[in-house]
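Report on the structure
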Amino acid sequence: MKRHATLTLLLVGGLSFLLALGGCDNLTSYNENPNEPTSANPNNLLANAQRYLADEVYDDTWMMRRSSVWAQYTTQNFYPSESRYSPVNYPWAGFYNRLTDLKTAKEIAREQPSTVQNPANFQAVATIMQVWGFQILTDAYGDVPFAEALQQRENQSPSYTPQSEIYPALVDSLNTALSQISTDGAGPSGDLVNGGSMEMWQKFANGLKMRLAIRGYEADADGWDPDAVIQSANGNALESNDDNVYFQFGTSSTHRNDYYENREVSFRDDFDGTARFIDFMETKYGSADPRLDAYFEQTSNSGRSCEDGSGEYTGFPFALEQGDAQGLYGANPTCAFSRPEAWWSNGSSGSGDAFAPMMYYDEVLLTKAWAAEQGIISGNPQDLMGQAIEASVDFYGSQTDASISSSSSATQNYISQVQSDFTSDPMQVIGEQRYIAFYMNNIQGWSTWRRFDFEGVLGSPEGGVAGGFDSYAPLRVSYPSSEANLNGDNYEAAADNMCGGVQSEDEDCQMWWDTDGPPADAHSN
């Protein structure tokens, strides 16, 4: 369902105030900059930020060559160096540029309230977007410029805020945004995500509180009370698949997604599902996960286009050495290995209008299942787990060509086995089910593996780790090399706090919330 306003609101070529980085302790009360130009329309700035933040997390580089391979959902089949983790980087500047756009939009709306339909609702929406973006940024890097960021010329060398301080501040910002929302008032006309529905933004904000709480639950920090965060959001977040939050790209050459450009316009076949993820979906619970048909194409002995019909799925070995990858790829027809289902790149129209997920209903149900198991909220965790799988199956059954539904015997048999396994090892199963549900959802699947440490899925690349770090998969993204030159003192302080020094600042350093480190390598050579 397309519910955004219109992509014509986007500024031609993109508008970003590029002069500095940014963030804050409370996004609604810091980062005031009276010198910022105020000629831009805040609704256009909001639309622009939503469009290009979606582009940062859903494209052929940052998703297909980064977050999806870090989670080992997919692999490159011909040039596999990035699947072997060389390099490990993420769009630092792109995120900060768009977060600065949002800050500027809030300032203009505050100074010129007549430019927006409902000033309080506008502030709330822009703040919630900032929180969503900042959590992705900190979950990729750890400590990042935040309390002193987004100040542009006022501070071009911002300090890094510890992640343990960022998480409580993001919850505070969400609470402030929720206090500003009037569901009876008009939402922003530039809202390309929820079409100005403030009820949707209210639910999304509560869902983000739940996401923050479950991820940071095992870590300690001043002012951090994840139980209270979960309890305050419970019952107020997404309530059905109708509440799913995503950015939908357009179909024009300007506004369709970059993964579509790679796969359909450039006509490349760079990415296949990994053998380890497809095998996991097929065999882990005794019967195949019904979402397999929505996630991946079935194999055939043909070239493109790969038409379903065989009923078989074959993954490509994850991250082979280049010679081995090219030999295997060249010895088989294109469709001998299961690519991501075309819907993920092509969208519902087939012309590039894919969804960039931000939060789906099944995530909320899985968080509630975990919270019920922990005794934080009431409810039957196994029932909630089953409802989450049903919601996910029904959503993809309604959006893709997969003939799947929650009421089918295949889905119900699968749910029964998941619930049975849950009895003996609930945290392993919750981690696995969140991981499956987060397929193609920016860094959420990778973050789930780091947080829940579930075993038996992720492991070493078949061709070995090509990046210069020790773990079999990255635990974070190392800071951009430019930071050492442009913001050296603050970079060194962050490296000391995160990793014990500049010499140790790499992909092996753990997040504040990653209290246990990675599980055993499931694919050690």
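As shown above, the structure is provided for reference.
About the criteria used
- Residues numbered from 1 in each chain as written.
- Predicted model: local features only at pLDDT ≥ 70, side-chain atom pairs only at ≥ 80, totals over all residues.
- Heavy atoms only, no water.
- Helix = DSSP H or I, 4+ residues; strand = E, 2+ residues; numbered from the N terminus.
- Rg over C-alpha atoms; globule rule 2.2 N^0.38 Å.
- Buried < 20%, exposed > 50% of the residue type's maximum accessible area, 1.4 Å probe, protein only.
- Contact = heavy atoms within 4.5 Å.
- Areas by Shrake-Rupley, 256 points an atom, 1.4 Å probe, with all protein chains shown as cover.
- Lys, Arg positive; Asp, Glu negative; His and termini not counted.
- Charge placed at Lys NZ, Arg CZ, Asp CG, Glu CD.
- Axes fitted to C-alpha atoms, helices over the stretch in contact; angles between N-to-C directions.
- Parallel < 35°, antiparallel > 145°, perpendicular 65-115°, else oblique.
- Nonpolar A, V, L, I, M, F, W, Y, C, P; charged D, E, K, R; others polar.
- Disulfide = S-S within 2.5 Å.
- Pairing = 2+ DSSP bridges.
- Phe/Tyr/Trp six-rings, centres within 6.5 Å; stacked < 30°, edge-to-face > 60°.
- Lys NZ or Arg CZ within 6 Å of the ring centre and 35° of its normal.
- Core = buried A, V, L, I, M, F, W, Y, C linked by side-chain atoms within 4.5 Å.
- Expected span 1.5 Å × (residues − 1).
- Salt bridge = Lys/Arg side-chain N within 4 Å of Asp/Glu carboxyl O.
- Polar contact = N/O pair within 3.5 Å; in protein donor to acceptor, adjacent residues only side chain to side chain.
- Left-handed = near helix turned anticlockwise from the far one by under 90°.

Section: the overall build of the chain
- On a plain count of helices and strands, the chain comes out with 19 helices and 6 strands.
- Its C-alpha radius of gyration of 22 Å places the chain within 12% of the 24 Å reference for a compact globule of 525 residues.
- Dimensions of the chain, computed from the C-alpha atoms along their principal axes, are close to 60 × 50 × 50 Å.
- Going through the 525 residues of the chain one by one, you find that 63% of them count as buried.
- The contacts in the chain between residues at least 6 apart in sequence include a share of 78% that link residues at least 24 apart.
- For the chain, the exposed surface amounts to about 17,600 Å²; the carbon and sulfur share of it is 41%.
- Distance from the positive charge centre (28 side chains) to the negative charge centre (71 side chains) of the chain: 5 Å.

Comments concerning the packing of helix α13 (residues 361-374) against helix α14 (residues 381-399)
- For the pair α13 and α14, interaxial distance at closest approach is 8 Å and the crossing angle is 170°. Relative to α14, the element α13 lies roughly antiparallel. For the pair α13 and α14, contact is made by Tyr361, Asp362, Leu365, Leu366, Lys368, Ala369, Ala372 and Glu373 and by Pro381, Leu384, Met385, Gln387, Ala388, Ala391 and Ser392, respectively.
- Tallied by class, residues from the contact of α13 with α14 come to 10 nonpolar, 2 polar and 3 charged.

Focus: the state of the cysteines
- In the structure shown here, the tally under the stated rule is 2 disulfides.
- Paired through a disulfide, cysteine 306 and cysteine 335 show a sulfur-sulfur distance of 2.0 Å. The sign of the -80° torsion about the S-S bond sets the cysteine 306-cysteine 335 disulfide as left-handed. Of this pair, cysteine 306 sits in the loop between α10 (292-295) and α11 (322-330) while cysteine 335 sits in the loop between α11 and α12 (343-346), placing them 29 residues apart in sequence.
- A residue is classified by how much of its surface remains accessible, and cysteine 306, at 7% relative accessible area, is buried.
- Once the disulfide-bonded cysteines of the chain are ranked by sequence position, their pairing pattern turns out to be 1-2, 3-4.

With respect to the pairing of strand β6 (residues 355-359)
- Most of β6 is tucked away: 5 of the 5 residues are buried.
- By the bridge criterion, 4 bridges tie strand β4 (residues 245-248) to β6 in an arrangement that is antiparallel. Within the sheet, the bridge partner assigned to phenylalanine 247 lies in β6 and is alanine 356.

Comments concerning the packing of aromatic side chains
- Under the definition given, this model contains 49 aromatic pairs.
- The interplanar angle of 65° and the centroid separation of 5.9 Å between the aromatic rings of tryptophan 224 and tryptophan 512 together place this pair among those described as edge-to-face. With a gap of 288 residues between them, tryptophan 224 in the loop between α6 (198-215) and α7 (226-233) and tryptophan 512 in the segment after α19 (488-499) connect regions that are remote in the sequence.
- For tryptophan 512, a relative accessible area of 18% corresponds to the buried category.
- With a centroid separation of 4.9 Å and an interplanar angle of 75°, the aromatic rings of phenylalanine 316 and phenylalanine 337 are classed as edge-to-face. Residue phenylalanine 316 is located in the loop between α10 and α11, and its partner phenylalanine 337 is located in the loop between α11 and α12; the two are separated by 21 residues in the primary sequence.
- We classify phenylalanine 337 as buried; its relative accessible area is 9%.
- Above the ring of tryptophan 513, the side-chain terminus of arginine 215 is found at 6.0 Å from the ring centroid.
- Between arginine 450 and the ring centre of tryptophan 446, over which it is positioned, the NZ or CZ distance is 3.5 Å.

Looking at the nonpolar core
- If you look at the biggest cluster of nonpolar residues, it comprises 152 residues, and the most contacted ones within it are Tyr90, Phe277 and Tyr295.
- The biggest single contributor to this core is helix α4 (residues 119-141), with 13 residues.
- If sequence neighbours within four positions are ignored, tyrosine 295 has contacts with Phe277, Met281, Arg339, Pro340, Glu341, Trp344, Ser392, Tyr396, Ile436, Ala437 and Tyr439.
- Of all hydrophobic cores here, the second largest spans 6 residues; its members include Phe316, Ala325, Ala336 and Phe337.

As for helix α5 (residues 163-180)
- End to end, α5 covers 26 Å across 18 residues, agreeing with the expected 26 Å (1.5 Å per residue, within 8%).
- Within the sequence span of α5, burial applies to Gln163, Ile166, Tyr167, Pro168, Ala169, Leu170, Val171, Ser173, Leu174, Ala177 and Leu178.
- The inward-facing, buried residues of α5 contact α4, β2 (144-145), β3 (160-161), α6 and α7.

Overview of the pattern of salt bridges
- Summed over the entire model, instances satisfying the criterion amount to 26 salt bridges.
- The partner of lysine 284 in a salt bridge is glutamate 432, and the shortest N-O contact between them spans 3.6 Å. Here lysine 284, found in the loop between α9 (275-283) and α10, pairs with glutamate 432, found in helix α16 (residues 426-437); they are 148 residues apart in sequence, far enough to count as distant.
- Looking at glutamate 432, the relative accessible area reads 0%, which means it is buried.
- A salt bridge links arginine 476 to glutamate 505; the nearest nitrogen and oxygen atoms lie 2.6 Å apart.

Quick notes on the environment of asparagine 244
- With respect to the secondary-structure elements, asparagine 244 resides in the loop between α7 and β4.
- Owing to a relative accessible area of 1%, asparagine 244 belongs among the buried residues under this scheme.
- Separated by 102 residues in sequence, asparagine 244 and glycine 142 have C-alpha atoms that sit 27 Å apart.
- Here tyrosine 361 takes part through its backbone nitrogen, which lies 2.7 Å from a polar atom of the side chain of asparagine 244.

Structural notes on helix α1 (residues 42-57)
- Here α1 spans 23 Å end to end across 16 residues, near enough to the 22 Å set by a 1.5 Å rise per residue.
- Here α1 lies mainly inside the structure; 16 of its 16 residues are buried.
- With a side-chain oxygen positioned 2.7 Å from the backbone nitrogen of asparagine 43, the residue opening α1 is asparagine 41.

Some thoughts on the packing of α6 against α7
- Direction vectors running N to C along α6 and α7 enclose 155°, while the axes themselves pass 9 Å from each other. It follows that α6 is roughly antiparallel to α7 by the angle criterion. You can see that α6 and α7 cross each other, and the crossing is left-handed. Contacts between α6 and α7 involve Asn206, Lys209, Met210 and Ala213 from the former and Pro226, Val229, Ile230, Ser232 and Ala233 from the latter.
- By residue class, the composition of the contact of α6 with α7 is 6 nonpolar, 2 polar and 1 charged.

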